[in-house]
Amino acid sequence: MRYDFHTHTVFSDGELIPSELVRRAVLLEHAALAITDHGDASNYRELIEKITLAREELERYWDIRVIVGIELTHIPPKSIPKMARRCKDFGAEIVVVHGETVVEPVEEGTNYYASISEDVDILAHPGLIDRESAGNIKENSIFLEITSRKGHSLTNGHVMNVARDYNIPVLINTDAHSPTDLIDVDFARKVGLGCGMSKRELENVLYHYPQDLIKRL
Ligand SMILES: [Zn+2]
Ligand SMILES: [Zn+2]
C-alpha cells in the first residue's frame, strides 16, 4: 500500500490528466493520491474546481482516495498564510507549499512563512530548512517532505535530521510530473533508507503518518 501527497497534472506542468495519473497510481497500489498542481492567486479556484470534479468521478469507479490539493509555488512568501487560507476556504483538502529547494530560485522566507500558517499541511522539498522554521512546523502540525524527485532530493538527509530532532512527521512524496514518476512502496522504502531512516521510522513514514494526515482532512 502506498500514499503520495504531491503530484502534478496537465493543469500545471505535469504531463498527464488526472484520470491517467490516478490509473497509474491504482496500478502501483496507492491507497491515496493527492493532486497538487502549482497554484497562485490567479488559478487556485480553477485548480480546486477541476480536481474536485475529477475526484468525484474517479472515486466512484476505482478503489483509491483522491485528495484535492494545491501546491502554492513561488508566491511571495508573506502572502503564503493568506493564500493557504483562501485555498482551504475554496475547498482544498490539503495545501502544500513549494519549499526552498537548493536547485531553484525559491524566495528566502518561503519556508518560514509556510511554517507559521495553520492552513499549510505539507512543506515540500524544504532544502536546508532552518531550526526556527522547524520549531514552527512542529507547533502547527505541518508535515515535512522527503522526496524522490531529482535535485530536490539532494537535501533529504538534512530534512530527515531536522525532522528527527523536532519530532516532525515526514512523508515520502514523488512530486510526479511524468508518467514514470510515481513509485511503489518498495522504492519508497529505498528512498527512506537512503536518507538514514531506521526500519521503525520507515513504518511510521510509509503508513502511520499518511493515515494521520488523511484522518484530519
Ligand atoms: Zn512542476
Ligand atoms: Zn511539486
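In this report, the structure presented in the accompanying data block is examined. In this numbering scheme, every chain counts its residues from 1 along its sequence in written order. All chains are assigned letters beginning at A, and all ligands numbers beginning at 1, according to the order in which they are written. In keeping with the predicted nature of the model, local features appear solely for residues at pLDDT of at least 70, side-chain atom pairs appear and are counted solely at 80 or more, and the whole-chain, interface and lining totals rest on all residues. As a convention, hydrogens and water are excluded, and side-chain values are obtained from all of the structure's heavy atoms.

Some words on the pairing of strand S5 (residues 94-98)
On a regular strand, each side chain points to the face opposite its neighbour's, so the side chains alternate between the two faces of the sheet. For S5, the buried fraction is high: five of the five residues fall into the buried class. Each residue is placed in one exposure class: buried if its accessible area under a 1.4 Å probe, protein chains only, is under 20% of its type's maximum, exposed if it is over 50%, and partly exposed if it falls in between. Helix numbers and strand numbers start at the N terminus; a helix is a DSSP run of H or I with at least 4 residues, a strand a run of E with at least 2. By the alternation rule, side chains of S5 split into Ile94, Val96 and His98 and Val95 and Val97, which are all buried. Pairing between strands requires that DSSP locate at least two bridges from one strand to the other. Relative to S5, strand S4 (residues 65-72) runs parallel, the two sharing four bridges. Bridge pairing in S5 places Ile70 opposite Val95. Where S5 meets strand S6 (residues 122-124), three bridges bridge the pair, whose relative direction is parallel. In the strand pairing of S6, Val97 is matched with Leu123. Look down the strands so they point away from you; if the path from the first strand over the helix to the second goes clockwise, the crossover is right-handed. You can see the chain leave S5, run along helix H4 (residues 110-115) and come back into S6, and the turn it takes is right-handed.

A closer look at the coordination of the zinc ion (ligand 2)
With water omitted from the atoms examined, metal sites may look incomplete; donors here are N, O and S atoms no farther than 2.8 Å from the metal, or 3.2 Å in the case of Na, K and Ca. The protein atoms that coordinate the zinc ion (ligand 2) are His6 (NE2), His8 (NE2), Glu71 (OE) and Asp175 (OD), at distances spanning 2.0 to 2.3 Å. Geometry is assigned from the angles between donors: four donors with all angles from 85 to 135 degrees make a tetrahedral site, four or six donors whose opposite pairs exceed 155 degrees while the rest stay between 65 and 115 make square planar or octahedral sites respectively, and everything else is labelled irregular. Around the zinc ion (ligand 2) sit four donor atoms, and with donor-metal-donor angles ranging over 85 to 170° the site reads as irregular. Expressed as a motif, the donor residue spacing for the zinc ion (ligand 2) is H-x1-H-x62-E-x103-D. The distance between the zinc ion (ligand 2) and the zinc ion (ligand 1) comes to 4.9 Å. Here His8 is found in the loop between strand S1 (2-4) and helix H1 (18-27), whereas its partner Asp175 is found in the loop between strand S8 (170-173) and helix H7 (185-194), with 167 residues between them in sequence.

Points about empty space enclosed by the protein
It is the rolling of a water-molecule-sized probe over the atoms that shows where space remains empty. Every definition here rests on a 1 Å grid over the protein atoms only: cavities are sets of points where a 1.4 Å probe fits but cannot get out, pockets are open sets enclosed by protein on both sides within 12 Å along at least five of seven lines, and lining residues have some atom within 4 Å of a point. Grid points are joined across faces, edges and corners, and a volume is the space filled by probe spheres set on the points. Here the structure, examined in full by the defined rule, presents one cavity of 30 Å³ or more. Computed from the structure, the largest cavity encloses a volume of approximately 40 Å³. Arg2, Tyr3, Phe5, Leu171, Ile172, Asn173, Val205, Leu206 and Pro210 are the residues that line the largest cavity. Only S1, S8 and helix H8 (199-215) provide two or more residues apiece to the lining of the largest cavity. When residues are grouped by polarity, Ala, Val, Leu, Ile, Met, Phe, Trp, Tyr, Cys and Pro land in nonpolar, Asp, Glu, Lys and Arg in charged, and all others, Gly among them, in polar. Residues belonging to the lining of the largest cavity are distributed by class as follows: seven nonpolar, one polar and one charged.

Points about the coordination of the zinc ion (ligand 1)
The zinc ion (ligand 1) binds to the protein through Asp13 (OD), Asp13 (OD), His38 (NE2) and His177 (NE2), with metal-donor distances spanning 2.0 to 2.6 Å. Coordination at the zinc ion (ligand 1) comes from four donor atoms whose angles at the metal span 52 to 122°, giving a geometry best classed as irregular. Sequence spacing of the donor residues for the zinc ion (ligand 1), all on one chain, is D-x24-H-x138-H. Take His38: its relative accessible area is 17%, and that puts it in the buried class.

So, the side chain of Ser117
The residue Ser117 is located in the loop between H4 and S6 in this model. Polar contact is the term for a pair of N or O atoms within 3.5 Å; when the atoms are in protein, one must be able to donate a hydrogen and the other to accept it, and sequence-neighboring residues count only if both atoms are side-chain atoms. Within the structure, the side chain of Ser117 is placed 3.1 Å from the backbone nitrogen of Asp119, a separation counted as a polar contact. Separated by 3.4 Å, the side chain of Ser117 and the backbone nitrogen of Val120 make a polar contact. Setting aside residues no more than four positions away along its own chain, Ser117 makes contact with Pro81, Ala84, Asn140 and Ile142. Pairs of residues are marked as contacts when any of their non-hydrogen atoms sit within 4.5 Å.

Considering the nonpolar core
What is meant by a nonpolar core is a set of buried Ala, Val, Leu, Ile, Met, Phe, Trp, Tyr and Cys residues, joined one to another through side-chain atoms within 4.5 Å. Core analysis: the biggest nonpolar cluster contains 65 residues, and Phe5, Leu144, Ile146, Ile172 and Met197 have the highest contact counts within it. When neighbours within four sequence positions are excluded, Leu144 is seen to be in contact with Leu123, Pro126, Ile129, Ile137, Val159, Ala163, Ile168, Pro169, Val170 and Leu171.

Considerations on a nonpolar patch on the surface
The grouping of Val102, Val103, Leu128 and Leu154 at the surface amounts to a nonpolar patch, some 400 Å² of accessible area in total. Looking at the element boundaries, Val102 is found in the loop between S5 and H4. Residue classification places Val102 among the partly exposed positions, given a relative accessible area of 45%. Patch membership requires over 30% relative accessible area and the absence of a salt bridge. Like charges are linked within 9 Å, and nonpolar side chains (Val, Leu, Ile, Met, Phe, Trp, Tyr) within 5 Å. Reported accessibility uses the Shrake-Rupley method at a 1.4 Å probe radius. Residues are deemed covered only where the shown protein chains occlude them. Only one rule defines a salt bridge in this text: a Lys or Arg side-chain nitrogen within 4 Å of an Asp or Glu carboxyl oxygen.

Some details on the packing of helix H2 (residues 44-61) against helix H3 (residues 80-90)
In this description, a line fitted to the C-alpha atoms serves as the axis of each element, helices being fitted only across the stretch in contact, and the angle between N-to-C directions of two axes falls anywhere from 0 to 180 degrees. Axis separation between H2 and H3 bottoms out at 10 Å; the angle between their running directions is 35°. By crossing handedness, the relation of H2 to H3 is classed as right-handed. From H2, Tyr44, Arg45, Ile48 and Glu49 reach across to H3, where they touch Met83, Arg86, Cys87 and Phe90. A clockwise turn of the near helix away from the far one marks a right-handed crossing, whereas an anticlockwise turn of less than a right angle marks a left-handed crossing.

Function cannot be inferred from these measures alone, as they are strictly geometric.
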